[in-house]
Amino acid sequence: MCLAIPMRVTRVQGDPDDFTSNQVATVDTDGISKEVRLDIVDQWPSVGDYVIIHAGFAIHSLVEEEALKNIALLRELSENTPEELLS
Amino acid sequence: MKHLDEYRAADLTKPLVEELKNAVSKPLRVMEVCGSHTMAIFRNGLRSVLPDGMELVSGPGCPVCVTSASHMDAFIAMADRPGVRVTIFGDLFRVPGTSASLAQASSRGAKIDIVYSPMDALDLAMRYPGELVVFLGVGFETTTPGIAATILAAYNRAIKNFVVFSTQKTMPAPMEALLSDPNLQIDGLLCPGHVSSIIGAGAWSPMAAKYHLACVVAGFETADLLKSLILLARQIGQNDIKVENAYPRAVSWEGNLRARKMVEEIFEPADMDWRGLGRIPASGLKIRPKYATFDAEVRLDITLPQAEEPKGCMCGYILKGMNNPRECPLFDTRCTPANPVGPCMVSSEGTCAAYHKYGRDI
Ligand code: SF4
């Protein structure tokens, strides 16, 4: 129930400052597209961004670089491991 | 998301497993607060690669599991009322109350719909104007903002036949209740990733300071979890206790201010009943008087019934990290996912369900 799934944004509708407008994004994952609400997303997403979705609502948006940066940090952490421990 | 594969790649995780061994310098007990973490840890087989001296215990972060027996009974009684249609997240359907479950109420004619989002419940209210549609709000900070947004949408559209029964719970409060119990020895917390995306990593700071408790906000992939365990072990090894954010791609220090503003508009803090933990002051949220027409407890005049925990079920202790499911005499005998006795076996994030599904070799 708490699993929040990240999906790629393909379309954005509504006005971020107007809660009465229809704040909806179309998202896509593995070829399935659906609509999610943007009422409570932390940052208004653009097409191409990713959003983490919970129970039909986007709760967080992240750009591609953010995801890549995180991977780089993880690699750095593993590169600090002394060689002999890896064998 | 296409990057997920990279978080699971063996060339990334193998060195992290080695680094974790390296980082554990003394025995330590870590609690994973969140039910989704419990499941992810089992699914990835992380327990089998934990270094000697590191123990993981599950905490009270499965929303279905911590829903009290009295709330379950109130939900079922409400579903039995004529003119009421109850909408729920699917995990609640088979949780046993004192004498029945919502599933049994449904088979004897109660109107119960499983929805994916509270917005779907609002759509049902518009489709059935002659019925009162109740959404059962069960969850933590990740579900509350969406429920708040749905109530606001109902308010703006002047929809009169939609109400919410709020048993919404807030996160650091029960951890305080747990940590003040001297029987529970915990050195570090894997803090829930998506709850923290709303409340912010900074929300854990007071606890880290007060209980001298290492806190790391963790994501859900193998590499995320390993990295978080490494950071916890290092904090404890070097006695450098603080809050670290190991999930920066989803969590900021301040959290999601937009979502919090929405919650603040609709809800106010309230005392809340937790299974196993009892009533904890200001650990839940109820609907503000301004929006009372959307409050099921007000509209249907509900008083919580006295209810008993299922006989022999140890969920209450399992939620506190005091026992593991194998110590329950009913585990995998009288209690199985097909025939659950308690909520920890029903919920897809429940610790008993996790042990049943993945725990054979551990
Ligand atoms: S195994 Fe079943 S009866 Fe035992 S604690 Fe878990 S849910 Fe309760």
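That block above? That's the structure.
Here the structure is a predicted model, which is why all the values come from computation and not from measurement.

Trainee: I'd love a proper account of the environment of H54(A), names of residues and values included.
Mentor: Residue and element names in this part refer to chain A. Its location among the elements puts H54 in strand β4 (residues 50-54). Since its relative accessible area comes to 1%, H54 is described here as buried. Sequence-wise, H54 and P6 are 48 residues apart; in three dimensions their C-alpha atoms are separated by 9.2 Å.

Trainee: How would you summarise empty space enclosed by the protein if you had to cite specific residues and measurements?
Mentor: Residues and elements named next belong to chain B. This model, assessed by the stated rule, comprises five cavities of 30 Å³ or more. Volume-wise, the largest cavity comes out at about 80 Å³. Taken together, 13 residues line the largest cavity, and the ones lying closest to its centre are C313, C328, C335, G342 and C352. Elements with a minimum of two residues in the lining of the largest cavity: α16 (315-319) and α17 (343-346). Of the residues assigned to the lining of the largest cavity, the class counts are twelve nonpolar, one polar and no charged.

Trainee: Could you give me a rundown of the sheet that holds strand β7 (residues 188-191) of chain B, with the residues and numbers involved?
Mentor: All names here are of chain B. Spatially, the five strands line up as an open sheet ordered β2-β1-β7-β8-β9, and their pairing is parallel. Pairing within the sheet leaves two strands with one partner each, and these edge strands are β2 (54-61) and β9 (243-245). Ignoring which end each strand starts from, the neighbouring axes of this sheet average 20 degrees apart. Sitting on the sheet, helix α13 (residues 222-237) touches β1 (28-34), β2, β7, β8 (214-217) and β9, and the angle it makes with β8 is about 160 degrees.

Trainee: Tell me what's going on with the packing of aromatic side chains, and back it up with residues and numbers.
Mentor: Residue and element names in this part refer to chain B. Here the structure, examined in full by the defined rule, presents seven aromatic pairs over all chains. Aromatic side chains F42 and Y358 sit 6.4 Å apart centroid to centroid with 15 degrees between the ring planes, which places their arrangement in the stacked category. Residue F42 is found in helix α3 (residues 35-43), and its partner Y358 is found in helix α18 (residues 351-358); the two are separated by 316 residues along the sequence. Accessibility expressed as a relative area gives 4% for F42, which makes it buried. Of the residues examined, Y358 reaches a relative accessible area of 23% and is grouped as partly exposed. With a centroid separation of 5.1 Å and 85 degrees between ring planes, the pair formed by F75 and F165 is classed as edge-to-face.

Trainee: Give a detailed account of the nonpolar core, specifying residues and quantitative values.
Mentor: Residues and elements named next belong to chain B. Counting residues in hydrophobic clusters, the biggest one holds 113 residues, and the most contacted among them are F162, L189 and W204. Considering each element in turn, this core owes the most residues, seven residues, to helix α9 (residues 144-156). The contacts of F162, once residues within four sequence positions are left out, are P118, A121, L122, A125, L132, V133, F135, T150, I151, A154, T293 and F294. Within the second largest apolar cluster, 28 residues are counted, among which are I41, M54, A214 and L226.

Trainee: Please set out the packing of helix α8 (residues 118-127) of chain B against α9(B) residue by residue, giving values where relevant.
Mentor: All names here are of chain B. Look at α8 against α9: their axes get within 9 Å of each other, and the N-to-C directions meet at 25 degrees. It follows from the interaxial angle that α8 and α9 lie roughly parallel. Between α8 and α9 lies a crossing of right-handed hand. Residues P118, M119 and L122 of α8 touch α9, and the partners they reach there are G146, I147, A149, T150, A153 and A154. Counted by class, the contact of α8 with α9 contains seven nonpolar, two polar and no charged residues.

Trainee: Describe the site of the ligand, naming the residues involved and giving the relevant values.
Mentor: All names here are of chain B. The full set of residues close to the ligand is C313, M314, C315, I318, C328, L330, F331, C335, V341, G342, M345 and C352. Among the detected pockets, the ligand sits in the largest cavity. Tallied by class, the residues present in the shell around the ligand amount to eleven nonpolar, one polar and no charged.

Trainee: I'd love a proper account of the sheet that holds strand β5 (residues 132-137) of chain B, names of residues and values included.
Mentor: Residues and elements named next belong to chain B. Strand order in the open sheet formed by four strands is β4-β3-β5-β6, and the pairing between neighbours is parallel. Single-partner strands in this sheet number two, and they are β4 (111-114) and β6 (162-166). In this sheet, adjacent strand axes meet at a mean angle of 25 degrees when their direction is disregarded. Of the strand pairs in this sheet, strand β3 (residues 84-88) and β5 are connected by four bridges, and their pairing is parallel. The partner of V86 across the bridge, within β5, is V134. Sheet strands in contact with α8 are β3, β4, β5 and β6, and its direction is about 170 degrees off that of β5. α9 contacts β5 and β6 of the sheet and is inclined by roughly 155 degrees relative to β6.

Trainee: Outline the pattern of salt bridges, listing residues and values.
Mentor: Residues and elements named next belong to chain B. For the coordinates displayed, the defined rule picks out 17 salt bridges over all chains. Where K111 meets E131, a salt bridge forms, and the shortest distance between an N and an O atom there is 3.7 Å. You can see K111 sitting in strand β4 and its partner E131 sitting in the loop between α8 and β5, a full 20 residues away along the chain. Judged by relative accessible area, E131 falls into the buried class, the value being 14%. In this structure, K286 engages E268 in a salt bridge whose closest nitrogen and oxygen atoms are separated by 3.5 Å. Separated by 18 residues along the polypeptide, K286 in strand β11 (residues 278-287) and E268 in strand β10 (residues 267-274) bring together distant segments of the chain. Overall, K286 belongs to the partly exposed group, its relative accessible area being 38%. Put simply, R85, K111, D113 and E131 are held in one network by salt bridges that share partners.

The rules behind these values
Chains are numbered independently. Their residues run from 1 in the order of the written sequence. Each chain takes a letter, starting from A, and each ligand takes a number, starting from 1, following the order in which they are written. Totals for whole chains, interfaces and linings use every residue, but because this is a predicted model, local features are given only for residues with pLDDT of at least 70 and side-chain atom pairs only at 80 or more, for both listing and counting. In computing side-chain values, all of the structure's heavy atoms are included and hydrogens and water are not. A helix here means a DSSP run of H or I that spans at least four residues, while a strand means a run of E at least two residues long, and both kinds are numbered starting from the N terminus. Exposure classes here rest on a 1.4 Å probe applied to the protein chains alone. A residue is buried below 20% of its type maximum, exposed above 50%, and partly exposed in between. Put plainly, a pocket is an open set of points on a 1 Å grid over the protein atoms alone with protein on both sides within 12 Å along at least five of seven lines, a cavity is a set where a 1.4 Å probe fits but cannot get out, and a lining residue has an atom within 4 Å of a point. Grid points are joined across faces, edges and corners, and a volume is the space filled by probe spheres set on the points. Amino acid classes used here: Ala, Val, Leu, Ile, Met, Phe, Trp, Tyr, Cys and Pro are nonpolar; Asp, Glu, Lys and Arg are charged; the rest, including Gly, are polar. DSSP-based pairing: two strands are paired if at least 2 bridges between them are found. Axis definition: a line fitted to C-alpha atoms, limited for helices to the stretch in contact. Angles are taken between N-to-C directions and run from 0 to 180 degrees. Here, residues are in contact when the closest pair of their heavy atoms is within 4.5 Å. Working definition: rings of Phe, Tyr and Trp (its six-membered ring) pair if their centres are within 6.5 Å, and the pair is stacked with planes under 30 degrees apart, edge-to-face with planes over 60 apart, and tilted otherwise. By nonpolar core is meant a set of buried Ala, Val, Leu, Ile, Met, Phe, Trp, Tyr and Cys residues that side-chain atoms within 4.5 Å join together. Angles are sorted into four bins: roughly parallel if under 35 degrees, roughly antiparallel if over 145, roughly perpendicular if 65 to 115, and oblique for all others. A clockwise turn of the near helix away from the far one marks a right-handed crossing, whereas an anticlockwise turn of less than a right angle marks a left-handed crossing. The nearness test applies per residue and asks whether one of its heavy atoms lies within 4 Å of the molecule or strand. The way we define it, a molecule is inside a pocket or cavity when more than half of its atoms are within 2 Å of that pocket's grid points. A carboxyl oxygen of Asp or Glu within 4 Å of a side-chain nitrogen of Lys or Arg is what we treat as a salt bridge.

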